[in-house]
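Spelled out from the first residue to the last, the chains are:
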Amino acid sequence: MVDVFVPEIEFNQNRQNTYFDATKVGTLDVLGATLEETFYYNPTNALDRFLQMQFGEGRTGNILSPEQYKTSEYFREGLEAPEEGIKEGYAQLLAQNYDKRAAITQTLSRSKGGFGLGAAQFGTMLLGSVLDPINVASAFIPVFPAARYAHLVKNLGLTKARAVRGVVEGSVGATLVEPIVLGQAALEQDENYNLLDSFLNVTIGGVLGGGLHVGFGKLSDTIERRSQKTKEQAVLTAIKQTLTDQEVNVTPIIKADLEKTFEKNLEKQNNLAQEKANKNRRCYKDRQRFTRQFKSTKT
Amino acid sequence: MRRRDTISLADNIFLSEPNNLVAGDLFTSNADTVKASVKALPKTERDSLVLKVKENLANYSESISGQISTNYDFAPQSATTARVDHSIAMQNLAYDLAGFYYVAGNLSLDEAVKKATDNLINNKFDFITPGDADGVVRLPKSIVGSPTSYEQVLTSVLKDNDENKDIFNNLSFVTPVNDLGKYKSEVLSAGKFITKSDNSGVILVDRTSNPIIIQSEDEQANITQKVFELSFEQVASATEIYQSTPGTIRAKQIAVQNFLKDFY
């Protein structure tokens, strides 16, 4: 039986050439690539790449003519060198960034797809965007008129008004920083990044702004409600911890104040309840006295 | 030998193992009278027979046709018509044999199926699943050492620790178009071993069950290509190294990786 013939497995070149088209990647790989892509197109990274290409490594090495570039190890399909030639360092950076983008695109193109994964990817994009300092700062450019904000607070309440202002300011901020990303994409001859991606970035900026304004607003409210003494103490402690190379931790101070406020509120509510009960008792007694007097007058 | 135009799988079994007593049973189970008796069984029993035979031969079928039941969009490369034909022919043979044991003997359905599949296949092979990709490797019972130790060794070859990555980085694979360095890492994380047709060793295959080809260049710039394969003898030697290496599992795996790298 052991010798019963089974045809041997053979290598198939055509099959191998379609390997990446035929095989899918896991959810974590797709989310990882989405995060990488978000980081890649974040304004801080785009700015960093721009500085590297224009003022850093991009200015090093010999100048390669367009012909030399095409035969060099840095040449990639679809990339072109200007007529006056290209610095070797610049060509190297172009190739590196091209490879990075190609690897991300390849992983994303092997996604299994589906609504759940799409939603998770959108969440990952938001997470990636919120980690970029320029994105966060741009969501707080004060372009929303104060009077209109006051009107919204009156009509919608503080949280909803903050969300509306956040969406507007986040979208405006994203629109303002988008030229950095779009410009760098053009510089890198990245044809995959176009106005549709810019529009998506602005949308994400809006969502991000809404979330940040509501989140930071709540945080700010919590801190603002603390007593002046607690705030001063927290700031002093933070400075002291920073100067002595310790980790900044003022949570116990804020927490103690919160507990104190909670106890005070509880006491206040107790007193109010007591006062109300006394008032009710007095009313009841008055009514009884009045009934007795009325009956005696009648007889 | 029965008078027919072609040599059937049952004939092959008889030819390859003339002393195996199951061959006689196989010919009997193919007799028209026996087949008619099996066919006369209630449909539920026949269906149950088919399912149980498939179940008991699942490992063998997968080891032959290349893990069709793994989560993959297409049948793998190894599932060529001839290989699939073989595993289906073996299932049909086992069905007839189990049916014969069931109708002619005093065995329950489960016992009849077990006896048939054991006599045909399972008494001759052990099945192991090295690596994370659940690839089924069939090991002839004649190998030296325990199946578990073979699984440990083959799993070490597919481990993506730094030392193994270095070994793989030094190998030149024939890679797909637009590889971008991903193919090798996917072989390490999702590669599978498939038993060679002559049961003398294993071949490393990718996720589509395409064999991994290693390319090398000699001093005269002659390029040679060979399939990434390991014989069971080499694996047996590696099991001894695995067992004799003191320390953690990682240390044992590294020792095995260093030993086997010269055979790649």
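Along each chain, the written sequence defines residue order, and numbers are assigned to residues from 1. Key to labels: chains lettered from A, ligands numbered from 1, both in the order written. For a predicted model such as this one, the threshold for reporting local features is a pLDDT of at least 70, and the threshold for listing and counting side-chain atom pairs is 80 or more; totals across whole chains, interfaces and linings nevertheless cover every residue. Side-chain metrics in this entry use all non-hydrogen atoms of the structure; hydrogen atoms and water are not considered.

### Let's talk about the overall build of chain A
Test applied: By definition, any uninterrupted DSSP run of H or I lasting at least four residues is a helix, any uninterrupted run of E lasting at least two residues is a strand, and each is numbered from the N terminus. Contact between two residues is taken to exist if any of their heavy atoms lie within 4.5 Å; hydrogens are not considered. Using a 1.4 Å probe, the Shrake-Rupley method yields the accessible areas, and only the shown protein chains count as cover for residues. Counting rule applied: Lys, Arg positive; Asp, Glu negative; His and chain ends not counted. Note that the charge is assigned to NZ on lysines, CZ on arginines, CG on aspartates and CD on glutamates.
The helix and strand tally for chain A stands at 13 helices and two strands. At a minimum sequence separation of 6, the contacts of chain A that also span at least 24 residues come to 71%. On chain A, roughly 19200 Å² of surface is accessible, and the fraction owed to carbon and sulfur atoms is 58%. Charged side chains of chain A number 36 positive and 35 negative; the gap between the two group centres comes to 27 Å.

### Let's talk about the overall build of chain B
Put simply, the rule is: Exposure categories follow from relative accessible area, calculated using a 1.4 Å probe and restricted to protein chains: below 20% of the type maximum is buried, above 50% is exposed, and the middle band is partly exposed.
Helices and strands together make up the secondary structure of chain B, namely twelve helices and eight strands. Summarising its shape, the C-alpha atoms of chain B cover approximately 65 × 40 × 35 Å along the three principal directions. For chain B, with 264 residues in total, the buried portion stands at 48%. Restricting to contacts in chain B with at least 6 residues of sequence separation, those with at least 24 account for 57%. When the accessible surface of chain B is summed, it comes to about 12700 Å², and 49% of that surface belongs to carbon and sulfur atoms. With 26 positive and 34 negative side-chain charges, chain B shows a separation of 5 Å between the mean positions of the two kinds.

### Let's talk about the side chain of glutamate 169 of chain A
Residue and element names in this part refer to chain A. Quick reminder of the rule: The salt bridge definition used is simple: a Lys or Arg side-chain nitrogen within 4 Å of an Asp or Glu carboxyl oxygen.
Structurally, glutamate 169 can be placed in helix α10 (residues 158–187). Buried and unpaired, glutamate 169 has arginine 165 as its nearest opposite-charge partner, separated by 4.4 Å. Among residues more than four places away in sequence, those in contact with glutamate 169 are Ser138, Ala139, Phe140, Ile141, Pro142, Val143, Phe144 and His213.

### Quick word on unusual backbone geometry
Residues and elements named next belong to chain B. Its identity as a non-glycine residue notwithstanding, asparagine 178 has a phi of 55 degrees, on the positive side. Mapped onto the fold, asparagine 178 is located in the loop between β3 (172–173) and α10 (182–190). Residue asparagine 178 is classed as exposed on the basis of its relative accessible area of 57%. Positive phi values are uncommon outside glycine, yet asparagine 199 reaches one of about 55 degrees.

### So, the packing of aromatic side chains
Quick reminder of the rule: Side-chain rings of Phe, Tyr and Trp, where Trp is taken by its six-membered ring, are said to pair if the distance between their centres is within 6.5 Å; with planes under 30 degrees apart they count as stacked, over 60 as edge-to-face, and otherwise as tilted. Sitting over a ring, as applied to charges here, requires NZ of Lys or CZ of Arg to be within 6 Å of the ring centre and within 35 degrees of the ring normal.
This structure, assessed with the given rule, holds 15 aromatic pairs over all chains. When the centroid spacing of 5.2 Å and the interplanar angle of 85 degrees are considered together, the rings of tyrosine 19 of chain A and phenylalanine 20 of chain A count as edge-to-face. Accessibility expressed as a relative area gives 8% for phenylalanine 20 of chain A, which makes it buried. Consider the rings of phenylalanine 125 of chain B and phenylalanine 127 of chain B, whose centres lie 6.4 Å apart with planes at 45 degrees: the pair is tilted. Sitting above the plane of the tyrosine 101 of chain B ring, lysine 115 of chain B keeps its charged end 4.4 Å from the centroid. Positioned above the aromatic ring of phenylalanine 173 of chain B is the side chain of lysine 184 of chain B, whose terminal nitrogen or guanidinium carbon lies 5.3 Å from the ring centre.

### Here's the deal with the sheet that holds β3 of chain B
Residue and element names in this part refer to chain B. For the record, the criterion: Strand pairing requires that DSSP identify at least two bridges connecting the strands.
The three strands lie next to each other as β3-β6-β7, forming an open sheet whose pairing is antiparallel. If you trace the sheet from one side to the other, it starts and ends with β3 and β7 (223–227), each paired once. Two strands pair when backbone bridges link them, and β3 and strand β6 (residues 213–217) are joined in this way by two bridges, in the antiparallel orientation. Within β6, the position partnered with phenylalanine 173 by the bridge is isoleucine 214.

### Looking at the pattern of salt bridges
All names here are of chain B. Scanning the model with the defined rule gives 14 salt bridges over all chains in all. Where lysine 43 meets aspartate 47, a salt bridge forms, and the shortest distance between an N and an O atom there is 2.9 Å. In this pair, lysine 43 and aspartate 47 are both assigned in helix α4 (residues 43–56), four residues apart and thus about one turn of the helix distant. Linking lysine 141 and aspartate 126 is a salt bridge whose minimum nitrogen-to-oxygen distance equals 3.1 Å. Separated by 15 residues along the polypeptide, lysine 141 in the loop between β2 (137–140) and α8 (147–157) and aspartate 126 in strand β1 (residues 125–128) bring together distant segments of the chain. By relative accessible area, lysine 141 is classed as partly exposed at 42%.

### Examining the confidence of the model for chain B
All names here are of chain B. Let me state the cut-off plainly: Per-residue confidence from the predictor is given as pLDDT, running between 0 and 100.
Considering every residue of chain B, the mean pLDDT works out to 87; 91% of them sit at 70 or more. No element of chain B has a lower mean pLDDT than helix α1 (residues 9–16), at 69, and none a higher one than α4, at 95. On the interface metric, ipTM, the complex scores 0.77, and its pTM is 0.70.

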